[in-house]
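Notes for the structure review
Spelled out from the first residue to the last, the chains are:
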Amino acid sequence: MNGLSEIASADIVTVLQTALAPAFLLVGIGAMLNLFAGRLARIIDRSRDLQELFKTTTGADHDLVISELGDLQLRIKIVNSAIFLSVISAIIACGLIGLLFIMEMTGFELSLVIAGAFVVAISLLSLALVQFLREVRVGVRDFMIREEYLERTDKVK
């Protein structure tokens, strides 16, 4: 009986070691979700500020506020999709850990399912990063300092 216990312990240790990769994936996804949530909060704060400016601006300034509000709405949608993709990826990574234990404890051959789940989780995470890149690019475009605020000393005479 003692020998059987040692084999079972060795199998658990192997499964735990194997489950570390998806566990590290979860940690990375968690950090990304924190980043996405922070960006979403900043976008929402900026949109609230602009909604107040909307009431008091006219002319070209009003047009700029409207334009930026449209971009903020787009950024909210993009960050929301990045969060959605990341959360689904995390859920699949959790399932992956569970599948590893089920396979080890029951002896069912789930290698293809596990490999497929890993590929799907990484693919969703990659799509979330693409969405993040899109959001950053829209944000940088809005943050560009407009020409009328730049004093040029290198103007050609």
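In this text, all values refer to a predicted model and were calculated from it rather than measured experimentally.

Considering the pattern of salt bridges
Any two side chains of opposite charge can pair if their charged atoms end up close together. Overall, the coordinates contain five salt bridges when judged by the stated rule. The residue lysine 55 makes a salt bridge to glutamate 52 at a minimum N-O spacing of 3.3 Å. Of the two residues, lysine 55 and glutamate 52 both sit in helix 1 (residues 2–56), three residues apart, roughly one turn of that helix. Across the salt bridge formed by arginine 141 and aspartate 71, the nearest N and O atoms sit 2.9 Å from each other. Placement of arginine 141 in helix 3 (residues 111–143) and of aspartate 71 in helix 2 (residues 59–106) is noted, with a sequence separation of 70 residues between them. For arginine 141, a relative accessible area of 47% corresponds to the partly exposed category. Overall, aspartate 71 belongs to the buried group, its relative accessible area being 14%. When salt bridges that share partners are traced, they join Arg39, Arg75 and Glu135 into one network.

Some points on a nonpolar patch on the surface
Among the surface-exposed residues, Ile12, Leu16 and Met105 lie close enough to one another that they form a single nonpolar patch of about 260 Å² accessible area. If you trace the backbone, methionine 105 turns up in helix 2. A relative accessible area of 47% places methionine 105 in the partly exposed class.

Looking at the layout of surface pockets
The gaps left among the atoms become clear once a water-sized probe is rolled over them. Here the largest pocket is characterised by a volume of approximately 510 Å³. Every residue lining the largest pocket is counted, 20 residues in all, and those nearest its centre are Arg46, Glu68, Arg75, Asp142 and Phe143. When contributions to the lining of the largest pocket are tallied by element, the ones reaching two or more residues are helix 1, helix 2 and helix 3. Looking at the lining of the largest pocket residue by residue, the class counts come to 10 nonpolar, two polar and eight charged.

Cut-offs applied
Residues numbered from 1 in each chain as written. Predicted model: local features only at pLDDT ≥ 70, side-chain atom pairs only at ≥ 80, totals over all residues. Heavy atoms only, no water. Salt bridge = Lys/Arg side-chain N within 4 Å of Asp/Glu carboxyl O. Helix = DSSP H or I, 4+ residues; strand = E, 2+ residues; numbered from the N terminus. Buried < 20%, exposed > 50% of the residue type's maximum accessible area, 1.4 Å probe, protein only. Patch = residues over 30% accessible without salt bridge, like charges linked within 9 Å, V, L, I, M, F, W, Y side chains within 5 Å. Areas by Shrake-Rupley, 256 points an atom, 1.4 Å probe, with all protein chains shown as cover. 1 Å grid on protein atoms, 1.4 Å probe; cavity = no way out; pocket = protein on both sides within 12 Å on 5 of 7 lines; lining within 4 Å. Points joined across faces, edges and corners; volume = space filled by probe spheres on them. Nonpolar A, V, L, I, M, F, W, Y, C, P; charged D, E, K, R; others polar.

Scope: geometric values only; no functional claims are made or implied.
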